[in-house]
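Structure at a glance
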Amino acid sequence: MGLAAAATGAAAVTAGTTVPAYLRTPPTAPLPATAPSGRFGGQVVLVTGGTSGIGEAAVRAFAAEGASVVFCGRREHLGRDIARSLGRDVRYVRADVRVPSDVAGLVAEVDRAFGRLDIAVNNAGVSRTAPAHEMALDQFDEVLDTNVRGVFLSIKHEVPLLLRSGGGVILCTSSESRRPGGVAYSASKQAIQGIVDAVALDYGSRGIRVNAIAPGTTDTALVRPPGLPDAMWEAFRNAWGPLNVPALARMATPDEIARAILALCSDDFGYMTGSTVLVGGSPLSGGKMTMPPGFPDQG
Ligand SMILES: NC(=O)c1ccc[n+]([C@@H]2O[C@H](COP(=O)([O-])OP(=O)(O)OC[C@H]3O[C@@H](n4cnc5c(N)ncnc54)[C@H](OP(=O)(O)O)[C@@H]3O)[C@@H](O)[C@H]2O)c1
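Residues numbered from 1 in each chain as written. Predicted model: local features only at pLDDT ≥ 70, side-chain atom pairs only at ≥ 80, totals over all residues.

Under an unreviewed UniProt entry, the chain has the name SDR family oxidoreductase and belongs to Nocardia speluncae. In its Sequence similarities (unreviewed entry) section, the UniProt record describing the chain reads: "Belongs to the short-chain dehydrogenases/reductases (SDR) family." (UniProt positions renumbered as here; feature names shortened; annotations may be inferred.)

Here's what the structure looks like:
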């Protein structure tokens, strides 16, 4: 759908929806620049897909809680800016999770810089949406290569360093998404749940916990159609909440999901492995996501 049609849809959405003011402002306060607890002090964390969205929020949150962090993504200007803003204990490595030598190099940099690995957050992911008969094979392959092969490669290279460090935590970003056109994305995210089950069984007795988080829809570039002006996105976003999240009636913020990631990686969840945890404003309960009228495809 073109932007002109989307604009008509956004106008209809704005006219037909009343979103209470309090729902426009996340009730969860933003993370402080420096956290009081430092609960990840002395720990080394790897985050894939840390150049924007949920991954960037997780990088910032782990750093604020005292961890040393290495993160990757392909957009070097973003990675460098984030690392520069967080100081010496946060390193950016340009790595594409689909490329074996990149992932090997990323983990080697963790080892070189900090000598150990305690927590790996395998978060890098992409989404392409279209009904099956209209989805190009290279789009399907891109989603599966990034979201499934990328997670496998990450785990393959992380495990030896985690074992050498005496154990640790792997947390993968899955999804419960059932959005229209989600044939590739849904397949990839359910595959992650299978990977988590298998790897948890393989390494539980050797001190590695392996889980997945399935965030509810979160306000990031992954769900915001490219090229959409801010005002139009705000209208769609505010209309989307009441249609899809009966309890909280809004999308999550990246900070809110990052907080949950930190909690799941902490010792508070020391007895949990092989689980996929839904962190959503209320579960979709298997229902299909409803897009506001005129919501553009992501292509
Ligand atoms: N937003 C949601 O509603 C939602 C809900 C459930 C699950 N998730 C999942 O959350 C994760 C983060 O997504 P997000 O919502 O935060 O969107 P985002 O802002 O687009 O973040 C995606 C991240 O993945 C990185 N990435 C993509 N392809 C990569 C590749 N081949 N190699 C290395 N890094 C790559 C991107 O970095 P570069 O572009 O710089 O490479 C970026 O840092 C994804 O796995 C997504 O499926 C999101």
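Having put the structure on the table, let's press on.
So, about the packing of helix 6 (residues 137-164) against helix 7 (residues 183-203). Between helix 6 and helix 7, whose axes approach to 9 Å, the crossing angle comes to 15 degrees. Taken together, the axes of helix 6 and helix 7 lie roughly parallel to each other. Remark: the crossing between helix 6 and helix 7 carries right-handed chirality. Residue-level inspection shows Q139, F140, V143, L144, N147, V148, V151, F152, I155 and V159 of helix 6 in contact with helix 7, the latter providing A184, Y185, A187, S188, K189, A191, I192, I195, V199 and Y203. Across the contact of helix 6 with helix 7, the residue classes break down as 16 nonpolar, three polar and one charged. (Axes fitted to C-alpha atoms, helices over the stretch in contact; angles between N-to-C directions. Helix = DSSP H or I, 4+ residues; strand = E, 2+ residues; numbered from the N terminus. Parallel < 35°, antiparallel > 145°, perpendicular 65-115°, else oblique. Left-handed = near helix turned anticlockwise from the far one by under 90°. Contact = placed C-beta atoms within 7 Å. Nonpolar A, V, L, I, M, F, W, Y, C, P; charged D, E, K, R; others polar.)

Bringing unusual backbone geometry into the picture now. Residue A249 is not a glycine yet carries a positive backbone phi of 60 degrees. Mapped onto the elements of the fold, A249 is located in the loop between helix 8 (230-244) and helix 9 (254-265). Residue classification places A249 among the partly exposed residues on the basis of 18 C-beta atoms within 10 Å. (Buried ≥ 20, exposed ≤ 12 C-beta atoms within 10 Å, placed from the backbone.)

Following both chains from N to C, one finds helix 3 (residues 53-64) and helix 9 inclined at 55 degrees, their axes separated by 8 Å at the closest point. Taken together, the axes of helix 3 and helix 9 lie oblique to each other. Here helix 3 and helix 9 pass one another in a crossing that is right-handed. From helix 3, G53, I54, E56, A57, A58, A61 and F62 reach across to helix 9, where they touch P254, D255, I257, A258, R259, I261 and L262. Split into classes, the residues belonging to the contact of helix 3 with helix 9 amount to ten nonpolar, one polar and three charged.

Confidence along the chain averages 89 in pLDDT terms, with 85% of residues attaining 70 or more. Scored below 50 in pLDDT, residues 1-7 makes eleven contacts in the model with residues more than four places away or belonging to other chains. (pLDDT = per-residue confidence, 0-100.)

In spatial order, the strands read 3-2-1-4-5-6-7; together these seven strands make up an open sheet with parallel pairing. Edge positions in the open sheet fall to strand 3 (90-94) and strand 7 (276-279), since each of these has one partner strand only. On average, adjacent strands in this sheet sit at an angle of 20 degrees to one another, irrespective of strand direction. As paired strands, strand 5 (residues 168-173) and strand 6 (residues 208-215) are joined by six bridges and run parallel to one another. Its bridge partner lying in strand 6, T173 is registered against I213. Each of strand 4 (119-122), strand 5, strand 6 and strand 7 is contacted by helix 9, which is oriented at about 160 degrees to strand 6, the strand it contacts most. (Pairing = 2+ DSSP bridges.)

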